[in-house]
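Structure assessment
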Amino acid sequence: MKTFYRISSQELGTVMLRRRKIAKALRWWLRENGFDYKYVFFVS
C-alpha cells in the first residue's frame, strides 16, 4: 500500500506527494505565509 498526500492551493494548484515530511513542510510553509490550502491523504 502507498500513501499519497494531496495539497491544493490557489497559488500552487494541486500537488501530489509521496513523502510525509515533504507534505508536512509544504503545509507549514503555506500556513506561515498566509496561504489557504486543502489537505487530503489517502492510501492506494
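Please refer to the structure placed before this passage.
Each value, and the rule that gives it
Residues numbered from 1 in each chain as written. Predicted model: local features only at pLDDT ≥ 70, side-chain atom pairs only at ≥ 80, totals over all residues. Heavy atoms only, no water. Helix = DSSP H or I, 4+ residues; strand = E, 2+ residues; numbered from the N terminus. Buried < 20%, exposed > 50% of the residue type's maximum accessible area, 1.4 Å probe, protein only. Lys, Arg positive; Asp, Glu negative; His and termini not counted. Salt bridge = Lys/Arg side-chain N within 4 Å of Asp/Glu carboxyl O. Contact = heavy atoms within 4.5 Å. Core = buried A, V, L, I, M, F, W, Y, C linked by side-chain atoms within 4.5 Å. Phe/Tyr/Trp six-rings, centres within 6.5 Å; stacked < 30°, edge-to-face > 60°. Lys NZ or Arg CZ within 6 Å of the ring centre and 35° of its normal.

Right, let's talk about the environment of K24 for a bit. One can find K24 in helix α1 (residues 20-32). The exposure class assigned to K24 is partly exposed, which follows from its relative accessible area of 46%.

Glancing now at the side chain of R27. Structurally, R27 can be placed in helix α1. Buried charge without a partner: R27 forms no salt bridge, and the closest opposite charge is E32, 12 Å away. Dropping the residues within four chain positions of it, R27 is found in contact with I7, Y37 and Y39.

Among soluble globular proteins, nonpolar side chains are generally buried collectively. Ranked by size, the top nonpolar core spans six residues in total: Y5, I7, L17, A23, L26 and L30. At three residues, the largest contribution of residues to this core is made by α1.

One pass over the structure, following the stated rule, counts five aromatic pairs. Geometrically, the ring pair formed by Y5 and F41 is tilted, given 6.3 Å between the ring centres and 35° between the ring planes. On the criterion of sequence distance, the pair formed by Y5 in strand β1 (residues 3-9) and F41 in strand β3 (residues 37-43) is long-range, its members being 36 residues apart. Note on F41: relative accessible area 53%, which makes it exposed. Between W29 and F35, the ring centres sit 5.6 Å apart and the planes meet at 35°, which makes this aromatic pair tilted. An aromatic cluster of at least three residues, connected via ring pairs, comprises Y5, Y39 and F41. Just above the ring of F4 sits the side chain of R18; from NZ or CZ to the centre is 5.6 Å.

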